[in-house]
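Next come the chains, spelled out residue by residue.
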Amino acid sequence: MPSPDFMKMLEGAEYAFLRENPHLANKIMLLGLSGSYGYGTNREGSDVDFRGVAMQLPSDILGLTEFEQYVDTDTDTVVYGFNKLVKLLLDCNPNSCEILGLPRDKYMILSPLGEELLQNQSVFLSKRAIKAFGGYASAQLRRLQNAIARDALPQTEREKHILHSVQNAMEDFNRRNPRSGTGTVRLYIDQAITPELETEIFVDANYQHLPLRDYNSMLDTLRCVVRDYDKVGHRNHKKDENHLNKHAMHLVRLLMTVIDILEKHTIITCREEELPLLMKIRNGGFMAEDGTMMPEFYEILDHYEHHFQEAAQKTTLPDNPDMEKVGAFVEKINRHAVMEDY
């Protein structure tokens, strides 16, 4: 299947913002394919997404202006300001790390300073990737489980499944928010009060002196899990199957990527070697007739999860990035930005 002419696309009127916006014009360090074309898992009709990074303006560094990112929703293009991308990379944010792991032919724009950024990707990598990618993979697994549970389980069993996911989400939240330990939350199933349900989840909460913003974040965490389960109505089951397969593929792909980071200290976004497996998952090769995933898929998932846990224990990555090296590199790039030497 021939790919679109991406360079010709960028020359079109839809992408005029890349040439006309003052934070982007002549300041883009690199711009590459994202989404399925970036991963190599594109199919006919796949959307074209671009992600990149641009130099700061001198006034962003020395003056009163600031630039974090430019988002064009019509073309699904996101270009980060260099300083914003650095912050994301320091946390090993998966979506940001992927920008630095493409094959060279998937970069439509790559300046000499962009090339330096690619060559220095290792200074940003640390054991923070374990939590960052593990959290993304956990969220992807919950989406996968949610989609299956909505269709394949009776309401009372589905409620148990929701409770399990909510409890896991709360454990993740408490690990990330130490201040949340100022009280207790009890989650349990009982006879439903809501008329259309047989059983439902109830909560008993007791908190003292908990910051309101932390409490709101906790509620958002729980709300997102329940909302994913409760998306019902006039549903297109073929579309749901496509989403289910896509979630399953991304779950495995995330694990493949973080394993490379932990073992090889490098980011590999386009999974060429594993492409046959990923495309088999994406195309429904592990979906059973009842709309659930076959046992073979979970065997594959178990293999990669075990590999991930083993790599997390054995990795020689530092606990945190070497901030002296990061600082020196950031200063070098921003000196070029201030001097407008790019």
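How each quantity is defined
- The residue numbering used here restarts from 1 in each chain and proceeds along that chain's sequence as written.
- Side-chain atom pairs in this predicted model are given and counted only at pLDDT of 80 or more, local residue features only at pLDDT of at least 70, and totals for whole chains, interfaces and linings cover all residues.
- The basis for the side-chain values is all heavy atoms of the structure; hydrogens and waters are excluded.
- Secondary structure follows DSSP: runs of H or I at least 4 residues long count as helices, runs of E at least 2 residues long count as strands, and numbering of each begins at the N terminus.
- Buried, partly exposed and exposed residues are distinguished by accessible area as a fraction of the type maximum, computed with a 1.4 Å probe on protein chains only: under 20%, between the cut-offs, and over 50%, respectively.
- We call two residues in contact when some of their heavy atoms are within 4.5 Å.
- The method behind every accessible area is Shrake-Rupley, applied with a 1.4 Å probe, and residues are considered shielded solely by the protein chains displayed.
- Every residue gets a pLDDT, meaning the predictor's confidence in that residue, from 0 to 100.
- For the purposes of these results, a polar contact is taken to be a pair of N or O atoms within 3.5 Å, where, inside protein, one atom must be able to donate a hydrogen and its partner to accept one; residues adjacent in sequence count only when each atom of the pair is a side-chain atom.
- The pairing criterion is simple: DSSP has to find at least two bridges between the two strands.
- Under this scheme, a helix contributes an axis fitted over its contacting stretch, all axes are lines through C-alpha atoms, and angles between N-to-C directions fall in the 0 to 180 degree range.
- Side-chain rings of Phe, Tyr and Trp (the six-membered ring for Trp) are treated as a pair once their centres are within 6.5 Å; stacked means planes under 30 degrees apart, edge-to-face means over 60, and tilted covers the remaining angles.

Asker: Hey, could you run me through the overall build of the chain in this one?
Answerer: Helices and strands together make up the secondary structure of the chain, namely 14 helices and seven strands. Relative to its 342 residues, the chain shows a buried fraction of 46%. Taking as baseline every contact in the chain between residues at least 6 positions apart, the subset at least 24 positions apart corresponds to 70%. Within the structure as shown, the chain displays about 18400 Å² of accessible surface, and the carbon and sulfur contribution to it stands at 49%.

Asker: Explain the confidence of the model for the chain here, please?
Answerer: Reading fine detail from the predicted coordinates is not recommended where pLDDT is low. Chain-level statistics for the chain give a pLDDT mean of 87 and a share of 89% at 70 or above. In the predicted structure, residues 232-237 sits below a pLDDT of 50 and forms four contacts with residues beyond four places in sequence or in another chain.

Asker: Just to check I follow, could you spell out the side chain of His 23 for this structure?
Answerer: Structurally, the position occupied by His 23 is in the loop between helix H2 (17-20) and strand E1 (28-34). At 3.3 Å, the side chain of His 23 and the side chain of Asp 60 are in polar contact. Setting aside residues up to four positions removed in sequence, His 23 forms contacts with Ala 54, Met 55, Leu 57, Asp 60, Glu 66 and Phe 67.

Asker: Looking at this structure, how should I read the sheet that holds strand E3 (residues 69-72)?
Answerer: Pairing within the open sheet is mixed, and its five strands lie in the order E3-E4-E2-E1-E5. Looking at the sheet topology across the chains shown, the edges are occupied by E3 and strand E5 (107-110). Strand-to-strand, the axes of this sheet are offset by a mean angle of 10°, without reference to chain direction. The pairing of E1 with E5 spans three bridges and is antiparallel. Within the sheet, the bridge partner assigned to Leu 31 lies in E5 and is Ile 109. Where helix H5 (residues 82-90) meets the sheet, its contacts fall on E1, strand E2 (49-54), E3 and strand E4 (77-81), and the angle it forms with E4 comes to roughly 90°.

Asker: Any chance you could explain the packing of aromatic side chains here in plain terms?
Answerer: Aromatic ring pairs are described here by two measures, namely the spacing of the ring centres and the angle between the planes. Within the structure shown, the criterion is met by nine aromatic pairs. Ring geometry for Phe 124 and Phe 329: centres 6.4 Å apart, planes at 75°, overall edge-to-face. Of this pair, Phe 124 sits in the loop between helix H7 (112-119) and helix H8 (128-152) while Phe 329 sits in helix H14 (residues 323-339); the two residues are 205 residues apart in sequence, bridging distant segments of the chain. Accessibility classification places Phe 124 together with Phe 329 in one group, the buried group. Look at Phe 297 and Tyr 298: their rings are 5.3 Å apart centre to centre, the planes differ by 75°, and that puts the pair in the edge-to-face class. An aromatic cluster is built from Phe 6, Tyr 15, Phe 17, Tyr 37, Phe 50 and Tyr 70, whose rings are joined through pairwise contacts.

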